[in-house]
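Reading the structure
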Number of protein chains: 4
Amino acid sequence: MSIDTADLPEPDPQDRPAPGSNPGWLSEDELGFVRRRLPILYVEAVPVRLDGTGRVTEVGLLLRSTPDGVMARALVAGRVRYGESIREALFRHLENDLGPMAFPQIPASPVPAQIAEFFPVPGILPYLDERQHAVSLVYVVPVTGSCSPRQDALEVTWMSPEEALSEGTLSEMLGGRGKLLRLALASVGC
Amino acid sequence: MSIDTADLPEPDPQDRPAPGSNPGWLSEDELGFVRRRLPILYVEAVPVRLDGTGRVTEVGLLLRSTPDGVMARALVAGRVRYGESIREALFRHLENDLGPMAFPQIPASPVPAQIAEFFPVPGILPYLDERQHAVSLVYVVPVTGSCSPRQDALEVTWMSPEEALSEGTLSEMLGGRGKLLRLALASVGC
Amino acid sequence: MSIDTADLPEPDPQDRPAPGSNPGWLSEDELGFVRRRLPILYVEAVPVRLDGTGRVTEVGLLLRSTPDGVMARALVAGRVRYGESIREALFRHLENDLGPMAFPQIPASPVPAQIAEFFPVPGILPYLDERQHAVSLVYVVPVTGSCSPRQDALEVTWMSPEEALSEGTLSEMLGGRGKLLRLALASVGC
Amino acid sequence: MSIDTADLPEPDPQDRPAPGSNPGWLSEDELGFVRRRLPILYVEAVPVRLDGTGRVTEVGLLLRSTPDGVMARALVAGRVRYGESIREALFRHLENDLGPMAFPQIPASPVPAQIAEFFPVPGILPYLDERQHAVSLVYVVPVTGSCSPRQDALEVTWMSPEEALSEGTLSEMLGGRGKLLRLALASVGC
């Protein structure tokens with residue numbers, strides 16, 4: 001499977017505020033430096049819609065265009081900033097990717113549904129990220145509002161759990177995230 | 001520790017509809033029979049309020065009067081009926097105990113935060129129920145609406161996680177449920 | 001999908017000791033009675049072999065013959081007796097199905113990897129058991145010794161996680177347990 | 001609460017091999033740089049002993065001397081290196097702190113029992129680390145062999161779960177880890 005440099009998106013400007021305001025600011029050079037020295041912490045979210053008894057009725061997947069112009073399904077994902085809590089990072093990236101009216105319900109438990117380890121070289125582990133060694137905490141997040149994708153996501157597609165788990169959909173996810181989606185949905189009984 | 005026959009409440013009439021309408025109906029005699037023959041399946045819920053990032057801000061405990069007239073803190077709890085799913089049982093008991101406007105958010109994951117095993121004789125396990133061998137699936141359930149206790153619960157008291165975990169509060173819960181509350185709240189980082 | 005009466009096996013004699021020695025004893029008539037009145041509590045186990053860092057290298061599936069003479073893959077499974085803890089029931093059924101030299105490592109956490117609800121009539125839920133309404137607590141259990149199937153299991157087949165998750169294998173499991181195996185293995189990253 | 005610079009120990013030489021052999025090598029200056037720019041990923045482990053049915057019988061706590069000469073209870077803990085999997089990091093730190101004959105059983109599930117976020121300034125979150133923003137994945141790890149502490153740990157003390165959870169013991173853990181130990185043990189029903 002090829003490497004997806006778009007699926008864990010580049011830190012957006014909000015991830016890297018001006019040096020004066022945030023000690024966690026990283027220049028391009030610094031970002032390149034740390035990416036070859038340390039595992040980088042990410043959060044990822046699978047947006048879902050629930051019925052009144054908590055059962056998953058729909059799964060939301062982003063449609064993104066990679067730098068190479070390939071269309072791919074993606075999860076909500078982004079880096080945890082210096083000084084930012086995991087909950088704040090999760091909320092920020094959900095708002096960035098789904099818009100301000102999505103009303104995500106961040107889970108009460110801080111323990112993720114799955115953990116995914118991305119390595120820059122192909123190996124035993126299923127997840128691959130050419131740019132870096134990244135560790136992703138993956139959450140399933142119910143969303144109650146309406147989604148209007150922002151940034152580089154073209155749309156949010158809602159589909160049944162069965163459709164999300166079909167071979168066709170899973171194969172449209174890059175970097176091994178088809179498997180990651182399957183594992184995350186298993187945690188909610190799908 | 002004394003035994004709490006009120007804390008896992010007696011099956012209410014809704015748990016035992018008339019024989020004609022439900023094959024799961026149990027007469028008093030039959031209930032007594034099965035309680036000494038099989039582990040009985042219960043669900044329990046710790047109602048919580050969350051802030052916008054999913055952090056628990058308040059914990060809701062019921063105040064009940066036991067048959068002996070002792071006031072005790074309790075969780076939402078009740079039996080799973082024949083033919084009823086765990087989600088349905090959880091929703092039904094939350095509605096029974098918190099009223100129809102509580103708007104509980106049943107968790108997407110069917111896996112409980114904790115499992116509690118109650119035995120009719122004191123022993124190695126911390127939970128005791130004189131009437132029966134019961135196995136409880138315990139969930140932490142965010143509640144967004146307003147609660148008006150029904151049935152035999154006198155009130156719902158909302159308190160901070162710290163207050164809920166204080167020795168004073170935990171000791172007001174019977175049958176070992178102080179420990180159970182502590183374990184369930186640990187699953188949401190409290 | 002047809003119903004597998006072998007997969008959740010009939011309570012064996014050890015599940016029903018003589019009346020004098022155990023209040024939980026159930027005659028055939030009594031078992032038939034409770035099966036149509038209450039959800040019956042089961043435990044199930046997916047035996048696995050781990051490498052030194054805890055990664056699953058092999059999955060063990062039982063090969064059973066159903067009463068109709070159909071060969072089917074199955075998990076270790078059985079009823080929780082009156083007065084028996086979940087851990088004891090898990091250990092007893094692992095020993096019954098894998099033999100006394102399997103040396104299973106019962107997980108430290110009492111919370112199962114998955115919960116499966118079986119209903120006697122086909123419906124929204126994926127799991128089906130014609131005989132009863134059953135609720136199964138499903139655990140993934142590392143096994144370090146050698147397995148010699150006892151009772152009605154013909155053999156234990158060890159296979160790679162990939163092979164266990166292949167369509168071919170999953171379709172050999174009855175009553176919806178192909179899905180259950182997939183969900184349970186997801187909890188260990190497979 | 002004071003800050004424990006010993007409890008999340010300084011990266012040992014094995015964490016920082018010579019530049020030639022590992023791209024993840026960090027000089028003192030570089031380590032200081034990244035610690036103020038990125039959340040640093042750690043693993044922590046609570047060593048436990050189990051009985052034959054998986055119940056925790058003993059909890060192992062390290063006794064360390066802080067740079068100030070204060071004795072404190074600590075968990076097994078250390079940084080995840082660039083290019084190293086979480087399982088490998090967990091195994092390496094368990095071996096470093098407990099010796100080569102401890103025979104830890106790394107859990108089959110990669111999902112931790114708890115997640116702890118340490119910030120360099122006191123705030124709403126309970127965990128504090130003056131040197132850095134660190135995110136710890138916390139696991140409960142059964143240990144079957146004999147432990148001989150290495151490095152800066154003076155001894156491993158085995159105690160009952162009740163003793164480990166006593167106010168006396170919890171208060172001997174620095175940086176908020178008394179709470180972390182309580183949360184981690186709750187995941188195994190203690």
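Residues numbered from 1 in each chain as written. Chains lettered and ligands numbered in written order. Predicted model: local features only at pLDDT ≥ 70, side-chain atom pairs only at ≥ 80, totals over all residues. Heavy atoms only, no water.

The name an unreviewed UniProt entry assigns to chain A is NUDIX hydrolase family protein, from the organism Leucobacter chromiisoli.

Turning our eyes to something else, we now look at the relation of the copies chain A and chain B. The operation linking the two copies of the chain is a rotation about an axis combined with a translation along the axis. Mapping chain A onto chain B calls for a rotation angle of 180° and an axial translation of 0.0 Å; the resulting RMSD is 0.0 Å. Accordingly, the operation relating the two chain copies is best matched by a two-fold axis. It is A:Pro107 whose C-alpha, among those of chain A, lies nearest the rotation axis, at 4.3 Å. Comparing contact sets, 94% of the residues at the interface of chain A also lie at the interface in chain B, consistent with an isologous, same-surface contact. (Least-squares fit on C-alpha atoms with pLDDT ≥ 70 in both. Contact = heavy atoms within 4.5 Å.)

In this section: the relation of the copies chain A and chain D. Of the transformation superimposing chain A on chain D, the axial component is 0.0 Å and the angular component is 180°, with the fit at an RMSD of 0.0 Å. The overlap is high: 100% of the interface residues of chain A also sit at the interface in chain D, so the same surface is used on both sides.

This part covers the pairing of strand β1 (residues 40–50) of chain C. Residues and elements named next belong to chain C. Most of β1 is tucked away: ten of the eleven residues are buried. Alignment of β1 against strand β7 (residues 134–142), held across nine bridges, turns out to be parallel. Paired with Val 48 across the bridge in β7 is Pro 142. By the bridge criterion, four bridges tie β1 to strand β4 (residues 76–79) in an arrangement that is antiparallel. Paired with Glu 44 across the bridge in β4 is Ala 77. Sheet analysis places β1 next to strand β2 (residues 56–65), joined by three bridges and oriented antiparallel. Note on β2: the bridge partner recorded for Leu 50 is Val 56. Once β1 ends, the chain turns through five residues before running back antiparallel as β2, passing Gly 54 with a positive phi of about 90°. (Buried < 20%, exposed > 50% of the residue type's maximum accessible area, 1.4 Å probe, protein only. Helix = DSSP H or I, 4+ residues; strand = E, 2+ residues; numbered from the N terminus. Pairing = 2+ DSSP bridges.)

Here we take up the interface of chain A and chain D. It is common to report an interface's size as the accessible area lost on association of the parts. The interface is formed by 36 residues belonging to chain A together with 36 residues belonging to chain D. A combined buried area of about 2,800 Å² lies between chain A and chain D, and 69% of that area is made up of carbon and sulfur atoms. It is A:Arg37, A:Leu38 and A:Tyr82 in chain A that bury the most area against chain D; as a group they hold 23% of the surface buried on that side. On inspection of chain A and its partner chain D, the count reaches zero salt bridges. Classifying every residue of the side of chain A that touches chain D gives 23 nonpolar, five polar and eight charged. (Buried area = accessible area lost by both parts, 1.4 Å probe. Salt bridge = Lys/Arg side-chain N within 4 Å of Asp/Glu carboxyl O. Nonpolar A, V, L, I, M, F, W, Y, C, P; charged D, E, K, R; others polar.)

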